[in-house]
Structure formats: structure tokens, C-alpha cells
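Below, each chain spelled out in residue letters.
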Amino acid sequence: MALKYSQIVLPKGELCLSNVLQTGQAFRWVLNESENRYATTMKIGDGNNYFVVVLRQPEDHILEFASLNETCGMDMIKDHLMKYFRLDIPLQELHYSDWRKRDARFENITPHGMRMLGQEPWETLISFICSSNNNISRITKMCSSLCVHYGNKVGTMDSLDFYSFPTSDELVKKASETHLRELGFGYRAKFIIETAKKMVQDKVNAGFESDTAFLEDLNSKLTYEQMREHLMSYQGIGPKVADCVCLMGLRMDQVVPVDVHVGRIAKRDYKFQSKKEYLKNLAEKYKELPITRKKINLELDAIRLMFLELWGPCAGWAQGILFTNEVGKTNGATSTGEIKKRKLIKLEDTEPKQASVRENSKTKMVEVKATSS
DNA sequence: ACTCATCCTTGATT
DNA sequence: AAATCAAGGATGA
């Protein structure tokens, strides 16, 4: 059947699908290379229903979407995508009018349509448990594996089946540590089971049936520090993973997850060095939060705060820009399940208000390497 | 309170 | 060819 696409027209430079969907922020988008479109399943609307969503970007400023599922209205998908891609946040304006004034390093780089996503929080949480000490291609396989084995089939496209992301109840019911280990999850198998069990408990105690509703409700009531404290009460979630959930799953734009790359950037480019006195004061702040106090690495937390102060209310977004510039190459799943390395797409960025034309390398997506035998 | 080895697996590098 | 290491960390000793 033919897909019926609708359009969302954006300002130029606001979004680059490839850079957003294939840089280790979301792990479940499947790229069809010949059609140049992405597909996945998304939980859309108030219910807990998943739908197959297809995206393509025929031009820099146009986002086209379609769905396999007739029951999902196009206006509903559009609303969902507006929230998912955080299209209320003006990336170009932030870059040119805010970050460049705060940080000279942003003079030499452009956002390349790299945005932070507002993903489903439970899925984000489990995905980033899988991310610990791991690489993107394997994380992608693991997320796919969770859906195939414990989710529900939602549709088929390009002879590929699409499944929902399993709820905590489905994981508790169908999964086991042994089975997850057989599927290649390694030591994270236990974390996923234990986290799913605790999530079922927590949401029932709070009177919720849906993981999404429970986490969103908590998010609306708690401060960042309290929310992070709660997230770190699950096994396998430390400060970095919790911050990823806060930023990419709970829309906390100011949160800067500090991983090895961001840590390296802080020391190399920003001459960060921790002062003993500062760390001591920082430790005081967490005495009310026992789990945070136990799991936190004060030096990494100090780096997070340095970047928050430097970059401001959307510090997490600024981090995303620097991160993709630092790491550069990305991986993505193709329709055949293959993982291929790609280069970051260079988007033509246009400074709003004053149109400064610069000669731009509008590079196409390039394969870095073909797999050798 | 703090440091550090260890944890699963895969793919690239040596 | 076989060994080693790193990959967007977290845990427990």
C-alpha cells in the first residue's frame, strides 16, 4: 500500500533527521536507504497504543510523516512529532543568539540540525540502561531485541516487522535474566529485570497503570534533583543514565549528561579542574538525597554544573551539539538490520535575522567504510 | 568517603 | 591469526 505523507514545514536548519536519529540519542529508528526514510513504532495519544511512523526529509526545512496504521489520525501524529522533536525550541536562535554569546567555542561550529528529543520516558530509561559500557550498534540491536521478543507486533513494512517497546509489565511477565543473557544483554540482563520489577511496584503504589503516565506525573511534581534521585533508585541507573532520561525522555533542557566524551571536552577544551573545596560543598548538597550521594561522582557532577552555568537554560542542547561534533561518526540500523558507519551530515545553517551567506559544504551522507571480509 | 577492578559482547585494531 | 581494547557506565568490594 502507498504511504500517504503529510508535511511539517520548518525554518531552515532546525532539523536534520540523520543527525538526530542516528547519533545515539534514539536507538529504534530503522533507515531504508533506497527510499531514504526512517521508520519506527511510537506510542501516540493518551492510550498505550503504538503505531508505525515513517519519516523523510525531502528538503532541509520539510519534515514529512506517514503511518501504516489507519486508526492513527494524521493530526495526532503531527502533534506527537511536534513534541517528540521539540519543535517549539528554536535551535538556530539558541545557537546564534545565546550560545555564541556565552561561549566562543560555538563560533567555530554550527548545530547541523542536531536537536534533543522528547522520547517516551520508560523506553528512554531502558534504552540507556543498555547503553552502559556499550556501543551504539549493539545498543540498537538490544533495543530491537527487546521489542521483538517482549513487545507486540504493530505492523510490517519493507518486509520488516515492527513491534511496540515492551512495558514494564510485559518485561516482568515475559522476560527473565537468563533469557536476556541468551539474547546477549550480558550483565545488563539483571538490571533490566530488576528495574522492570521495581517500576511495576512503583507505579502500582502511585496508582498508575502506564509507565509513561507514572513517570510524567513524577516529573511534574519533582525537582530535577528529586527526579534524578528517583531514577537512580533503579538498578543499572547511575547519574549519567539518569541525566540522559531527564534530558531526552523528560525534556529537561538544562541537563548535561556527562560521559567520557563530555568529560574529555571539559578538561581538554575548557580547562576544567576540580577544586577540593568546591567538591566538598557539592557533597553537602546531596546529603538529603541518599541514593544520589551514594552513586554520584562529584567531579563529573561539577562538570555538569560548569556547563549548566556556561550554557544556560538549554545547556543540554548545547552539549548535544558539541557531542556530535566530537564523536562525528554515527551508526544506524538499516532495514536489513545492518549497522553502518556514517558521517555527520553537514547542514547549511542560516543565521536568523541577519542573513550571513557563507560558502558551505553541503556534504552528502558518506559511508566511511565498507565491511571487509 | 574514595578508588578501582569487574562486568557481557562485539567489532576493530595490533 | 590470536590477543587486546574500547565502546556515551554502574556496581560492589
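Residues numbered from 1 in each chain as written. Chains lettered and ligands numbered in written order. Predicted model: local features only at pLDDT ≥ 70, side-chain atom pairs only at ≥ 80, totals over all residues. Heavy atoms only, no water.

Chain A appears in an unreviewed UniProt entry as N-glycosylase/DNA lyase from Zygosaccharomyces mellis. Per its UniProt entry, chain A bears the Subcellular location (unreviewed entry) comment "Nucleus". Looking at the Sequence similarities (unreviewed entry) heading of the UniProt record, one finds this comment for chain A: "Belongs to the type-1 OGG1 family." (UniProt positions renumbered as here; feature names shortened; annotations may be inferred.)

Q: I would appreciate a short explanation of the UniProt feature "domain: HhH-GPD" (unreviewed entry) in chain A in the present structure.
A: Those places that UniProt annotates as "domain: HhH-GPD" (unreviewed entry) correspond, in this numbering, to residues 130–305. Strand forms 5% of residues 130–305 and helix 62%; the C-alpha atoms that close the span are 25 Å apart. (Helix = DSSP H or I, 4+ residues; strand = E, 2+ residues; numbered from the N terminus.)

Q: Any chance you could explain the protein's contact with DNA strand C here in plain terms?
A: What surrounds DNA strand C is a group of 25 residues, the closest being T23, G24, Y187, G236 and V241. Close to the protein, within 4 Å, the atoms of DNA strand C are drawn from sugar and phosphate at a rate of 54%. Y187 places a polar side-chain atom, nitrogen or oxygen, 2.7 Å from a base nitrogen of DNA strand C. In the environment of DNA strand C, a phosphate oxygen lies 3.2 Å from a nitrogen or oxygen atom belonging to the side chain of K295. At the level of secondary structure, the elements contributing two or more residues to the surface near DNA strand C comprise α11 (239–248) and α12 (260–269). Broken down by element, the surface near DNA strand C gets its largest block of residues, five residues, from α11. Class assignment of the residues belonging to the surface near DNA strand C gives a composition of 11 nonpolar, 11 polar and three charged. (Near = heavy atom within 4 Å. Polar contact = N/O pair within 3.5 Å; in protein donor to acceptor, adjacent residues only side chain to side chain. Nonpolar A, V, L, I, M, F, W, Y, C, P; charged D, E, K, R; others polar.)

Q: Would you take a moment to explain the protein's contact with DNA strand B for this structure?
A: Close to DNA strand B lie 10 residues, the nearest being N133, R138, K141, R181 and R188. When atoms of DNA strand B within 4 Å of the protein are split into backbone and base, the sugar-phosphate part holds 57%. Side-chain polar atom of K141 to a phosphate oxygen of DNA strand B: 3.2 Å apart, as the coordinates give it.

Q: Mind showing me how you'd approach the domain arrangement of chain A here?
A: When the parts of a complex come together, some accessible area is lost, and that lost area is often taken as the interface size. Taken domain by domain, chain A holds domain 1 (1–117 + 312–373) and domain 2 (119–250). Contact residues are listed per partner, giving 30 residues for domain 1 and 27 residues for domain 2. Linking domain 1 with domain 2 are two salt bridges. Where E123 meets R28, a salt bridge forms, and the shortest distance between an N and an O atom there is 2.7 Å. (Domains from an automatic or database assignment. Contact = heavy atoms within 4.5 Å. Salt bridge = Lys/Arg side-chain N within 4 Å of Asp/Glu carboxyl O.)

Q: Explain the side chain of D253 here, please?
A: With respect to the helices and strands, the residue D253 is situated in the loop between α11 and α12. Engagement of the side chain of D253 in a polar contact is seen with the side chain of R86, the distance being 2.7 Å. Residues in contact with D253, not counting those within four places in the same chain, are R86, I89, L247, P313, C314, A315, G316 and W317.

Q: In this structure, what is going on with the pairing of strand β6 (residues 153–157)? I would like to understand it.
A: Within a regular strand, side chains alternate between the sheet's two faces. Of the strand pairs in this sheet, β6 and strand β7 (residues 160–163) are connected by four bridges, and their pairing is antiparallel. Counterpart to T156 in the pairing with β7 is D161. Connecting β6 to the next strand, β7, in antiparallel fashion are two residues, including D158 with a positive phi near 50°. (Pairing = 2+ DSSP bridges.)

Q: What should I look at first to understand the packing of helix α4 (residues 121–130) against helix α5 (residues 136–150) in this one?
A: Packed helices, taken two at a time, are described by the angle their axes make and the gap between the axes. Two numbers describe how α4 lies on α5: the axes approach to 9 Å, and their chain directions differ by 135°. On the basis of the axis angle, α4 is oblique to α5. Viewed along their axes, α4 and α5 form a crossing whose handedness is right-handed. For the pair α4 and α5, contact is made by I126, S127 and C130 and by I139, M142, C143 and L146, respectively. Within the contact of α4 with α5, the residues separate by chemical class into six nonpolar, one polar and no charged. (Axes fitted to C-alpha atoms, helices over the stretch in contact; angles between N-to-C directions. Parallel < 35°, antiparallel > 145°, perpendicular 65-115°, else oblique. Left-handed = near helix turned anticlockwise from the far one by under 90°.)

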